[in-house]
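Working through the structure, step by step
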Amino acid sequence: MTGDFKRPPAYSGVWHPDAIEEIQEKAELGRYQIRGQATKRHSLPNFDDLVFTPAGLSRMPLEGYRERCDTQVVIGEGRVSRPLVLERPIMIAGMSFGALSINAKRALGMAATNCGISTCTGEGGMHPEEREHSSKLVMQYLPSRYGMNPYDLQKADMIEIGAGQGAKPGTGGVLLGLKMSEEVARMRDLPPGVDQRSGCRHPDWMGADDLYMKLEQIREVTNYEVPISIKVGAARIANDVRIACKADVDAIVFDGMEGGTAASPAIQLDHAGIPTIAAIAEAVEALHDMGKQNQIKLIVGGGIKNGADAAKAIALGADIVYLGTAPMIALNCHAPIYLEDYERLGTTPYECQHCHTGLCPVGITTQLPKLMARLDVDEAAERVTNYLNAITMEIQLFARSCGKNKVSDLDPNDLRALTHDVAIMTGIPMVGLNGRQPWWQKF
Ligand SMILES: Cc1cc2nc3c(=O)[nH]c(=O)nc-3n(C[C@H](O)[C@H](O)[C@H](O)COP(=O)(O)O)c2cc1C
Ligand code: SF4
């Protein structure tokens, strides 16, 4: 429609070209836009607004090559007979078979196994190949119940009850018809090739009290052996944490509004939920209010890219970080290859958010055999392993520089805020002030 017309630079601040294009697209399609990956907002408060204040004279740092810095975290220790032992404070987030190709699932499983951490089925059931490739596998129990059965629950190393995700809190999943292959459809008991929308509310769970019953039911099915977590999208997070504590889960998972997805209404991605950094502060406070900070693990995701983000989340009170988009990028998402296929989708690497289409140029979020074959499983597993190793070293680097021999010992006192907003949101003192009265008011 626009032909070769170039946008003029003197556009209105109110009627930005993006807003105009969006209205024109809606006028043409008669429906809202769907896209993959994450919000396009640029201005959310985030981990870059915090810095570490490592050791100097007042504290001794640890030697990188000679002194240990432990990374292990255990979920359900002293609570279940088969707790989940993670060798690093990292979990690969729930991403469904259907959203991801089986090759992507295989590669993520192999990388997680190499690093002693877990992967998660996401929606749509447990694929036997995923179980085979992941030594520690979390199974999601979601409102749709797609692919759900007690036998697979018994094969899992942890159960994650899904009650929402950061990219689309309060709404259910979307899987467009092109991704509904024969195999994906068979696992979900649905017809192939038809768009699927999954429920946002568990059918047998109408309020807070029912969560306890649901937990008991799953504990019975799994013989009280494995931990159970509950996952929500960060929105009304303080109350959600309190309710989860009351139900006595083993872990609480949440991702902020930066959290990734394979498909979500674009308007929801940009206008619902709260940023990860704000959510951590609320959740940690609620956990302390309930006196459960030493029993229930906090697993936090949403926009975590590197070891600095992860270490800051841990210092703010998370026990484990939960990564979806970053391992996908390590698989090869956004790689500048097969450029003509990005172009066909009307996009380019680095801005591509076309996971919902099923036409992923690099073979990650597709079910088409020709595209799937583009992901070499062994190479992809090696890239994800390298990425996980690198960020683990980065997390340890910050812990050691703050004089901590356990990553879990990082705490809010190791951080300072660069912006007033984040200082208020997190309670972390502003740099320069350190929470004290300005010096010129003292004298
Ligand atoms: C491709 C893809 C598929 C996803 N599928 C699911 C899913 O099936 N169930 C779910 O609870 N969350 C799903 N998520 C959300 C992730 O579990 C996680 O919360 C999110 O990716 C974390 O944020 P990050 O992507 O910024 O790391 C998916 C995310 C992506 C990127
Ligand atoms: S390259 Fe594939 S996985 Fe990455 S954003 Fe594009 S469609 Fe999604």
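For the structure itself, look to the data block above.
Summary of the structure given here.

About the thresholds
- Residues numbered from 1 in each chain as written.
- Chains lettered and ligands numbered in written order.
- Predicted model: local features only at pLDDT ≥ 70, side-chain atom pairs only at ≥ 80, totals over all residues.
- Helix = DSSP H or I, 4+ residues; strand = E, 2+ residues; numbered from the N terminus.
- Rg over C-alpha atoms; globule rule 2.2 N^0.38 Å.
- Buried ≥ 20, exposed ≤ 12 C-beta atoms within 10 Å, placed from the backbone.
- Contact = placed C-beta atoms within 7 Å.
- Pairing = 2+ DSSP bridges.
- Right-handed = clockwise from strand over helix to strand, strands pointing away.
- Near = placed C-beta within 6 Å.
- Nonpolar A, V, L, I, M, F, W, Y, C, P; charged D, E, K, R; others polar.
- Expected span 1.5 Å × (residues − 1).

Below, the discussion takes up the overall build of the chain. Check the secondary structure of the chain and you find 16 helices and 16 strands. Scaling as 2.2 N^0.38, a compact globule of 443 residues should have a C-alpha radius of gyration of about 22 Å, and the chain matches this with 22 Å. Going through the 443 residues of the chain one by one, you find that 48% of them count as buried. Residue pairs in contact within the chain that sit at least 24 positions apart in sequence constitute 67% of those at least 6 positions apart.

It is worth spelling out the environment of Pro 17 at this point. When you line up the elements, Pro 17 lands in helix H1 (residues 17-29). Judged by local crowding, Pro 17 falls into the exposed class, with 11 C-beta atoms found within 10 Å. Considered as a pair, Pro 17 and Glu 379 are 362 residues apart in the sequence and their alpha carbons are 40 Å apart.

Our focus in this paragraph is the pairing of strand E14 (residues 297-301). Of all five residues that make up E14, five are buried, and the element is covered over most of its length. Alternating residues of E14 divide into Lys 297, Ile 299 and Gly 301 and Leu 298 and Val 300, and every residue in both groups is buried. Relative to E14, strand E12 (residues 251-255) runs parallel, the two being bridged by five bridges. In the strand pairing of E14, Val 253 is matched with Ile 299. Two elements, E14 and strand E15 (residues 320-323), share three bridges in a ladder whose sense is parallel. The partner of Val 300 across the bridge, within E15, is Val 321. The handedness of the E14 to E15 crossover, carried by helix H10 (residues 307-316), is right-handed.

A separate point is the site of ligand 2. In the vicinity of ligand 2 there are 14 residues, among which Cys 333, Cys 352, Cys 355, Cys 360 and Ile 364 approach most closely. Of the residues contributing to the shell around ligand 2, the split by class is eight nonpolar, six polar and no charged.

With 14 residues, helix H9 (residues 276-289) extends 20 Å from end C-alpha to end C-alpha; this agrees with the ideal 20 Å at 1.5 Å per step. Among the 14 residues in H9, eleven count as buried, and that is most of the element. Among the residues of H9, those classed as buried are Thr 276, Ile 277, Ala 278, Ala 279, Ile 280, Ala 281, Glu 282, Ala 283, Val 284, Ala 286 and Leu 287. In the core, the buried residues of H9 are packed alongside helix H7 (237-247), E12, E14, H10 and helix H15 (420-426). Following H9 by one or two positions, Gly 291 adopts a phi angle in the positive range, close to 65°.

For the rest of this paragraph, the subject is the site of ligand 1. Taken together, 32 residues surround ligand 1, and among them Ala 93, Gly 122, Gly 260, Gly 324 and Thr 325 come closest. Secondary-structure elements contributing two or more residues to the shell around ligand 1 are strand E5 (90-94), strand E13 (261-265), E15 and helix H11 (325-331). Of all the elements, H11 adds the most residues to the shell around ligand 1, at three residues.

Take unusual backbone geometry next. If you check the backbone angles, Arg 145 has positive phi at about 60° while not being a glycine. Positionally, Arg 145 belongs in the loop between strand E7 (137-141) and helix H4 (150-155). Judged by the 17 C-beta atoms lying within 10 Å of it, Arg 145 is partly exposed. Positive phi, close to 60°, is recorded for Asn 223, a residue that is not glycine. Relative to the elements of secondary structure, Asn 223 occurs in the loop between helix H6 (208-221) and strand E11 (228-233). When the 11 C-beta atoms within 10 Å are taken as the criterion, Asn 223 is described as exposed.

So far we have only geometry, and geometry alone does not tell us how the molecule works.
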